[in-house]
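# Results of the structural survey
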2 protein chains.
Amino acid sequence: MASPQPSTPEPIDGVAPGGVGDLDEIRTQQNHFQREFVDAVRAALEEGNKDTLKALADQLYVAELAELLAVLDEPERPKLIEQMGEAFDFAALTELDEQMRIDVLADLPLPLVAAGFAALESDDAVYILEDLSEPAQAEILRTVPTLDRLALQRALDYPEESAGRRMQSNFIAVPPFWTVGRAIDYMREADDLPDEFHDLFVVDPGYRLLGYVRLNRMLRAKRPVVISDIMENVQEIEAETDQEEAAYIFQKYDLTSAAVIDKGGRLVGILSHDDIVDVVQEEAEEDIRALAGVGDEEVSDSVRAIARSRLPWLCVNLATAILASLVIGLFDATLEEMVALAILMPIVASMGGNAGTQTMTVAVRAIATHDLDPYNVSRVVLRETYVGLINGFAFALIMALVALVWFGSAGLGLVIGIAMIVNMLAAALAGILIPLALDYFKVDPAIASSVFVTTVTDVVGFFAFLGLAALWFGI
Amino acid sequence: MASPQPSTPEPIDGVAPGGVGDLDEIRTQQNHFQREFVDAVRAALEEGNKDTLKALADQLYVAELAELLAVLDEPERPKLIEQMGEAFDFAALTELDEQMRIDVLADLPLPLVAAGFAALESDDAVYILEDLSEPAQAEILRTVPTLDRLALQRALDYPEESAGRRMQSNFIAVPPFWTVGRAIDYMREADDLPDEFHDLFVVDPGYRLLGYVRLNRMLRAKRPVVISDIMENVQEIEAETDQEEAAYIFQKYDLTSAAVIDKGGRLVGILSHDDIVDVVQEEAEEDIRALAGVGDEEVSDSVRAIARSRLPWLCVNLATAILASLVIGLFDATLEEMVALAILMPIVASMGGNAGTQTMTVAVRAIATHDLDPYNVSRVVLRETYVGLINGFAFALIMALVALVWFGSAGLGLVIGIAMIVNMLAAALAGILIPLALDYFKVDPAIASSVFVTTVTDVVGFFAFLGLAALWFGI
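The rules behind each value
- Residues numbered from 1 in each chain as written.
- Chains lettered and ligands numbered in written order.
- Predicted model: local features only at pLDDT ≥ 70, side-chain atom pairs only at ≥ 80, totals over all residues.
- Heavy atoms only, no water.
- Pairing = 2+ DSSP bridges.
- Helix = DSSP H or I, 4+ residues; strand = E, 2+ residues; numbered from the N terminus.
- Axes fitted to C-alpha atoms, helices over the stretch in contact; angles between N-to-C directions.
- Salt bridge = Lys/Arg side-chain N within 4 Å of Asp/Glu carboxyl O.
- Buried < 20%, exposed > 50% of the residue type's maximum accessible area, 1.4 Å probe, protein only.
- Contact = heavy atoms within 4.5 Å.
- Buried area = accessible area lost by both parts, 1.4 Å probe.
- Polar contact = N/O pair within 3.5 Å; in protein donor to acceptor, adjacent residues only side chain to side chain.
- Nonpolar A, V, L, I, M, F, W, Y, C, P; charged D, E, K, R; others polar.
- Least-squares fit on C-alpha atoms with pLDDT ≥ 70 in both.
- Core = buried A, V, L, I, M, F, W, Y, C linked by side-chain atoms within 4.5 Å.
- Left-handed = near helix turned anticlockwise from the far one by under 90°.

## Considering the sheet that holds strand 4 (residues 236-238) of chain B
Residues and elements named next belong to chain B. Pairing in this open sheet of three strands is mixed, and the strands run 4-5-6 from one edge to the other. The open sheet has two free edges, formed respectively by strand 4 and strand 6 (267-272), since each of these has just one partner strand. When the angles between neighbouring strand axes are averaged without regard to direction, this sheet yields 35 degrees. Direction of pairing for strand 4 relative to strand 5 (residues 257-261): parallel, over a ladder of three bridges. In the strand pairing of strand 5, Glu238 is matched with Ile261.

## A short note on the pattern of salt bridges
Throughout the structure, instances matching the rule amount to 38 salt bridges over all chains. Between Asp185 of chain A and Arg223 of chain A there is a salt bridge; the shortest N-O distance is 2.8 Å. Highlighted residues: Asp185 of chain A in helix 11 (residues 180-189) and Arg223 of chain A in the loop between helix 12 (215-220) and helix 13 (227-230), separated in sequence by 38 residues. With a relative accessible area of 25%, Asp185 of chain A lands in the partly exposed category. For Arg223 of chain A, a relative accessible area of 39% corresponds to the partly exposed category. When the shortest N-O distance is used, the salt bridge between Asp73 of chain B and Arg42 of chain B registers 3.6 Å. Residue Asp73 of chain B is found in the loop between helix 3 (62-71) and helix 4 (76-84), and its partner Arg42 of chain B is found in helix 1 (residues 35-47); the two are separated by 31 residues along the sequence. Judged by its relative accessible area of 42%, Asp73 of chain B is partly exposed.

## Quick word on the interface of chain A and chain B
In this assembly, 130 residues from chain A lie in contact with 130 residues from chain B. Of the roughly 11,400 Å² buried between chain A and chain B, counting both surfaces, carbon and sulfur atoms make up 61%. Scanning the region where chain A abuts chain B turns up six salt bridges. Where chain A packs against chain B, one counts 44 residue pairs in polar contact (both at pLDDT 80 or more). At 18 residues, the largest contribution of residues to the side of chain A that touches chain B is made by helix 18 (residues 339-368) of chain A. When the residues that make up the side of chain A that touches chain B are grouped by side-chain class, the tally is 69 nonpolar, 29 polar and 32 charged.

## Remarks on unusual backbone geometry
Peptide bonds are, in most cases, trans, and in most cases residues other than glycine have a negative phi. Residue and element names in this part refer to chain B. With phi around 55 degrees, Glu161 is a residue other than glycine that occupies positive phi space. Inspection of the secondary structure puts Glu161 in the loop between helix 9 (146-157) and helix 10 (163-166). Assessed through its relative accessible area of 26%, Glu161 is described here as partly exposed.

## Things to note about the relation of the copies chain A and chain B
Once chain A is rotated about the relating axis by 180 degrees and shifted along it by 0.0 Å, it coincides with chain B to within an RMSD of 0.1 Å. The operation mapping one copy onto its partner corresponds to a two-fold rotation axis. When the interface residues of chain A are mapped onto chain B, 100% of them are again interface residues, pointing to one common binding face.

## Points about the sheet that holds strand 5 (residues 257-261) of chain A
Residue and element names in this part refer to chain A. Ordered by their spatial adjacency, three strands build an open sheet running 4-5-6, and the pairing between neighbours is mixed. If you trace the sheet from one side to the other, it starts and ends with strand 4 (236-238) and strand 6 (267-272), each paired once. Here the average twist between neighbouring strands, direction ignored, is 35 degrees.

## Remarks on the nonpolar core
Grouped together as the largest cluster of nonpolar side chains are 80 residues, with contacts concentrated most on Phe465 of chain A together with Phe465 of chain B. Discounting chain neighbours no more than four positions away, the residues touching Phe465 of chain A are Leu341, Leu344, Met345, Val348, Leu412, Val415, Ile416 and Ala419 of chain A. In this structure, Leu56, Val62, Ala66 and Leu72 of chain A belong to the second largest nonpolar core, which totals 46 residues.

## Here we look at the packing of helix 16 (residues 303-329) of chain A against helix 19 (residues 377-407) of chain B
For the pair helix 16 of chain A and helix 19 of chain B, interaxial distance at closest approach is 10 Å and the crossing angle is 35 degrees. In this structure, helix 16 of chain A crosses over helix 19 of chain B, and the sense of that crossing is right-handed. Contacts between helix 16 of chain A and helix 19 of chain B involve Val303, Ile306, Ala307, Arg310, Leu311, Leu314, Cys315, Leu318, Ile322, Ser325 and Leu326 of chain A from the first element and Arg383, Glu384, Tyr386, Val387, Ile390, Asn391, Phe395, Ile398, Met399, Val402 and Trp406 of chain B from the second. Across the contact of helix 16 of chain A with helix 19 of chain B, the residue classes break down as 17 nonpolar, two polar and three charged.

Structure below.
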C-alpha cells in the first residue's frame, strides 16, 4: 500500500559514514536487523541525537522504517517519529500492524501528524485513516487542505475493502485533443504529479473516461500525434466494486493500472499494480485464516485481543463436538459391551474429517479463483464422489485388516470397513456441496464451510461405525 | 503469467456483427459464458466456419480464450486452436490448467505449435515448456530461432520456481552515455520491443547492470539529458532466488520491475509486477493447500490423479489416528468401567485440535510473510501460552459443567476440566513451536505442521483425559 519512494531501493551493504554506529552490516543473514544496529538506534533515541536518526531516513526504505518501529518498544515508537521529524515518511505507517499504527498515531502531536499526512499519497492516507475512530479521523482531516480533504472524504465514504478505498486519487488526466508534445510539456512543467505513474488517462470536460495512453506508447509516438489517435480502451472498475473482484480483473487482464469510476462514469481514481499485489495477498490470507477459524489478528496483538478473537470459533467447535458426543451417547450400551469400538471410533471420524477438509479446501479456493463454473461443476461433484469412494475402499481395506489383527474380530473389521466407506463418501459430498451451497446463498464459503464439514464427518463417522456395530453384534 | 495484449481489454457488452450468433450477451450475470454462446462456438467448430472462429479472437482476451478452451470438450480444444490458426494467441495456454495444457499441446501439429511459440513472450514460453516432458520440450525448442532458443534454454536451466524461470528475457537495455533523445529514437525505430515496458535498463558493454530509468522520468527529461544523469539504482535479484523471496522483495519495495542477474552480475532478464501477482497468489495457494494436505491438483484433474495425490496425506493421518487409538487402548479397562469417558473423550481431543490449528495457521503465515523475527518471537510464544491457558480455563469451566449435568459426576467434571486445560496448553505450544522448529530446520512449516500439531493434541488430549480419570477413579 505504501507509495513508491522517490529514491529507488538499493541493497544495503553497510551503514554509510556518519550513519548509526560503525556496524559493517545492519542485517543478519536471515535478513533481520542486527541487534547492534537496533541498540545504536536506541542509544541515539536516548541521547536525542537527531542527526543520527535523520541519517537513518537515507538508509532505510519505507518498509524497513516500519520494521524498525515494530522492533522498538512501544514508548520508543512515537519518540523516533518525533525526533526524525520531516525525515520520517508517514507511508511507513501503512506497513505497521493495525493496533500498532493506531497507538503510535494517538501518541503523536497533531501538528506532526498533519505535516506527515500532507506528504502522503491519497491511498496511503485513506489506508491509515480508515482504521481510526471517527473523532480521530475528523481531527486529522481538519488539518488537510480542502481539495485533498474532499478526495479523502470521498474515498472513506466508499465501502470497506472496495476499489474506492484502495484507489489513488492523484493521477494524470488529459483531454483527447492534446498532442503528445503538449502532454509531455505539461508533464515536464507540472509539479504535483504522482512520483510514479505508468499511464495517462484521457477524459472529456465532464471528467468522463474516454481511454488511456501507456507511457511507452507516448514515448514512441512523435510530438504532433494527437492523444485520441494513440489512446486505447481502458478497463473501468466501479468504485463500489469489492477489492477482491478488482484484483480478479487485474489478474485476468494483466493490467498495470485501471480506472476507478463513480456511478456517473466519472474518473475518480486509479488502481495500480502495487495496490493489487497487496489485495491478492490480503484476500488469500483471509481465506487461510477463515478456514482455520482465525480472525484478522496480527502478530503484535495483545493476549486479550487474541484470546477474545479465537473464542467464538472454539465455541462453535465445542457445540459441534458435543453434538458428536451426543451421537456417541446413543450407543452407550454398545460401547459398554465392546470397548474396542471406543478405541477405533476416533479413526473413522478423523479420516472423514481429513478427507472432507481436503475436498473443501480445493472447493473453497476454486470458488474464490472463479475456477468452478456451471460448465464443470457437475463433473467436479461427480469426480469428488468417485475419489471419496476410491479412497474410502482403500482405507476400508486397511482398517478392516488393522481391526482384524488388533482385536481378532472379522465382524469388527467388516463394520469399520463399511463405516469408513460411508464416512469418506459423506466427507467428499460435504466437502464439495457445502461450499457450493454457501456460495449460492452468498455466504463466504471460507468462513463457514469447515464447521459444517467436520460436523458432518464426525456425526456420520460415529453414527455409521457405532450403529453398524450395534446392528451386526446385536447390542 | 500471460503477456499483456496489444489491444487493451474492454468490457464485452455484446457480440459484434459478424461474430458468433446473434446473442445480446456472451456472459451471464455471474460472469460465466452463456450456454448459447458456447453452443454457437461449437456449431462453428462443427461446420469448420473459420471466419466466425477468427472473429472470436477480436472479442476475447487471452484469459477468456483460455476459459473458452476449458469449457469445451477435450477433442474440441485442439480443433478450435487449429481452426483459429494465427488468430489464436498461445499465451492463452498459460492460463489453462497444467494437464489440460499438456494434453492440448500433444494433440496439435508441430508446425502450428512452432508458429505459436514464435509469437510468445519468453516468460510465457518458459511457463508452457517447463511442464512438458524433455522430448516434447526438445521437439518444440528445435523449431525456435537460435537466439530465442538459447534464452529459453537458459531460463529452463534455472531451478523450478526461481526468479530465472519467471523472468522475461525481452527487455530494453541502453548504454549510460546515450542521451534521452537517442534512447527515444531507438525505441521509436526498434521493432522487437516488448509490447509493454515500464523501465529502461542501463548496462555496460559487458552487460553488467548499472541502473535503470523509469519511463516517466524519461518523458519528463529533455532530449539532450544523458541517461546516466537520470538513472537510478535498481533492485537486483539473482536468477537462482526463489520466486517467493523475489515476490517478498517486490512487495517490500513496491517495485514495478526488477532486474534479474546471473552469477557474474550480468543482466539476464527482468521480473515485472504481473509475474509477481501470480507468484504471490501461487505461494499463498500453496500454503492453503499444504495446510489442508492437498497437493497442487487442479479443478480439471482426473479422478485417478486426484485420488492418488490425496492418498499420502490420508495415510499419514491414518498413522497418527492409529497412534491416538493406541493411547486410548492403554485405558481399555478404565473405558470398560466408565462409558462416559468414551463419550466425552472426542471433545477434549477436538478442542485441542482446533485451538492448535488456529495458533499454527497464524504462525505458519507469520513465518511466510516475515512477520516473526528474533525481536518478537519470545513475546509471541509467551502470548500463545497465555492465550492457551485462558481459553483452556474458559472451556474447562464449561465442560466441567456439561459433564456434571450430563453424567451427574463432579469427579468427571474435574477430570475433563483439568484435561481441557492441559490439552489447550499443549495445543498452544505445539501450534507455535512446531512451525518455528520446522522453519529452523528449513522444512516448509505449511507442509508438515498440521500432522505434528494434531498428533500432539490427539495424544495429549486422550492421555490426559483417560489418564486423569484412571487416577481419580482408581480404575
